[in-house]
Amino acid sequence: MIIEQWQQYLQQNGAQFEDNVVLHFGSPEQERQAALQGDILTDLSYFGIIKVSGSDAAKFLQGQLTNDVLQVNANQSQLTAWCNPKGRIIVNLRLFKRQDAYYLFLPQASVEITLKRLRMYILRAAVQLEDVSHQLVRLGIAGEQSASLIADNLKCIPPAAINASLTLETTTIIRVQGTQPRYLLFTETPQMIWSPLAQFARPVGAAIWQWLDILAGLPQIVPATSEEFVPQMINYSLIGGVNFKKGCYTGQEIVARMQYLGTLKRRMYLAKIDTTSLPQPGDALYVNSEPQSVGKIVNAQWHPHGGVVVLAVIQITHAEQDEIHWQTPLGEKLHWLDLPYPVADN
């Protein structure tokens, strides 16, 4: 019942919902400008959470995920992905530990299929998988003062290192990548956290957080792009989402072969498109000289200064030599932006 009560609380405080996603709090344009200039607070209910518990939980996840699960503890989360046997990402996620269980933080739209397919691998292992999205509310806070706001209102020193985690009695705090300080909060008592933070950080819609993820070069695989890319194509080997020394997991042979023996032909880029229409994950990209698609949109979101920013997986030779266009060979052009981390050949 926590999530229903929480959404009612947000509505009472001005939240406008569509399909359980907060669109805005009454002033979308002002909220976008606030994200450029100050601290923002948002509900992340468009993400879900799967709890993985049992004596074999660590061993089970180690055999499925691209990163080293044994490095996750109460103080350390990680980016990771679950691949099919061909090494293509079914879903990417953040893995964290809270008390004696592991938690998968992933798009809500991917929770049901992930649960169904993961359960096929359990066999006789002592593992329980449960959708606990209704029990733990997901929040995001970002901005130069976000750490001090957390410290003042939660009476703790928030994690300083990227991916570091801290669990209090009812709340887990995780520092995440960003062009500005950003934190995820998972809590059983959201109103007690939101109310004081909202006095200093501007409540905003979910699109703002998605925009910050894109600027941080953090891709999110959704159902429309599931099983399209190997981890290296979405730069997961560059941002700590793959461990090449951990041993076997589903799809590991293909991922390792790409890293050590193959030549990466596609990778993810950050770009801006001057358009009044929002691209969708999976949209095709083209060059003038070929009718075949040379890439796909991974994520896209409005930019407060106009147009949209996108993460897109594109054939490297075309990205380096040609103009890339959205939807058709004559569509809107992609204008390159710099990713916030080094990009080198894998």
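Our subject in this report is the structure included herewith. The structure presented is a predicted model; accordingly, all values stated were derived computationally and were not measured.

Moving on to the overall build of the chain. Regarding its fold elements, the chain presents 9 helices and 19 strands. By the burial criterion, 55% of the 346 residues in the chain qualify as buried. Pairs at least 24 apart in sequence give 70% of the contacts found in the chain among residues at least 6 apart. If you sum the accessible surface of the chain, you get close to 15,200 Å²; carbon and sulfur atoms cover 49% of it. Across the chain, 26 positive and 30 negative side-chain charges occur, with their mean positions spaced 8 Å apart.

Tracing the chain through its elements places Ile-297 in strand β16 (residues 295–302). On a C-alpha basis, the gap between Ile-297 and Ser-195 in space is 36 Å, while along the polypeptide they are 102 residues apart. Those residues in contact with Ile-297 that lie beyond four places of it in its chain are Thr-225, Pro-279, Gln-280, Pro-281, Gly-282, Asp-283, Leu-285, Val-310, Leu-311, Ala-312 and Trp-326.

Take the pairing of strand β12 (residues 182–187) next. A large share of β12 lies buried, amounting to 6 of its 6 residues. Connecting strand β11 (residues 171–176) to the next strand, β12, in antiparallel fashion are 5 residues.

Moving on: the state of the cysteines. By the definition in use, this model includes 0 disulfides. Cys-83 takes part in no disulfide bond, and the closest cysteine sulfur, belonging to Cys-248, lies 14 Å away.

Considering the arrangement of structural elements, one finds Thr-225 in the loop between α7 (206–215) and α8 (252–260). Residue class for Thr-225 comes out buried when judged on its relative accessible area of 1%. Setting aside residues no more than four positions away along its own chain, Thr-225 makes contact with Pro-281, Gly-282 and Ile-297.

Along the chain, Arg-138 falls in strand β9 (residues 137–142). Nearest to the buried, unbridged Arg-138 among oppositely charged side chains is Asp-43, at 6.7 Å. Among the polar contacts made by the side chain of Arg-138, one reaches the main-chain carbonyl oxygen of Phe-47 at a distance of 2.6 Å.

Turning to the nonpolar core, a few remarks are in order. Ile-40, Trp-209, Ile-314 and Leu-334 are the most contacted members of the largest nonpolar core, which totals 68 residues. Here this core spans two domains, and each of domain 1 (1–264) and domain 2 (265–339) adds at least three residues to it. Discounting residues that sit within four places of it in the chain, Leu-334 has contacts with Ala-271, Lys-272, Ile-273, Leu-285, Val-310, Ala-312, Ile-314, Ile-324, His-325 and Trp-326.

Inspection of the entire model under this criterion finds 11 aromatic pairs. Their ring planes at 85 degrees and their centres at 5.0 Å tell us that Phe-105 and Phe-186 sit as a pair that is edge-to-face. With Phe-105 in strand β7 (residues 101–107) and Phe-186 in strand β12, the pair connects residues that are 81 residues apart, well separated along the chain. The residues Phe-105 and Phe-186 share a single accessibility class, namely buried.

Whether parallel or antiparallel, the strands of a sheet pair through hydrogen bonds between backbone atoms. Reading across from one edge, β5-β6-β7-β4-β8 is the order of the 5 strands in this open sheet, with antiparallel pairing throughout. Among the strands making up the open sheet, the edge pair consists of β5 (78–83) and β8 (128–131). Taken pair by pair, the neighbouring strands of this sheet meet at an average axis angle of 30 degrees, ignoring direction. Alignment of β5 against strand β6 (residues 89–98), held across 6 bridges, turns out to be antiparallel. Within β6, the position partnered with Trp-82 by the bridge is Val-91. Helix α4 (residues 108–119) contacts β4 (47–53), β5, β6, β7 and β8 of the sheet and is inclined by roughly 130 degrees relative to β7.

Analysis parameters
Residues numbered from 1 in each chain as written. Predicted model: local features only at pLDDT ≥ 70, side-chain atom pairs only at ≥ 80, totals over all residues. Heavy atoms only, no water. Helix = DSSP H or I, 4+ residues; strand = E, 2+ residues; numbered from the N terminus. Buried < 20%, exposed > 50% of the residue type's maximum accessible area, 1.4 Å probe, protein only. Contact = heavy atoms within 4.5 Å. Areas by Shrake-Rupley, 256 points an atom, 1.4 Å probe, with all protein chains shown as cover. Lys, Arg positive; Asp, Glu negative; His and termini not counted. Charge placed at Lys NZ, Arg CZ, Asp CG, Glu CD. Pairing = 2+ DSSP bridges. Disulfide = S-S within 2.5 Å. Salt bridge = Lys/Arg side-chain N within 4 Å of Asp/Glu carboxyl O. Polar contact = N/O pair within 3.5 Å; in protein donor to acceptor, adjacent residues only side chain to side chain. Core = buried A, V, L, I, M, F, W, Y, C linked by side-chain atoms within 4.5 Å. Domains from an automatic or database assignment. Phe/Tyr/Trp six-rings, centres within 6.5 Å; stacked < 30°, edge-to-face > 60°. Axes fitted to C-alpha atoms, helices over the stretch in contact; angles between N-to-C directions.

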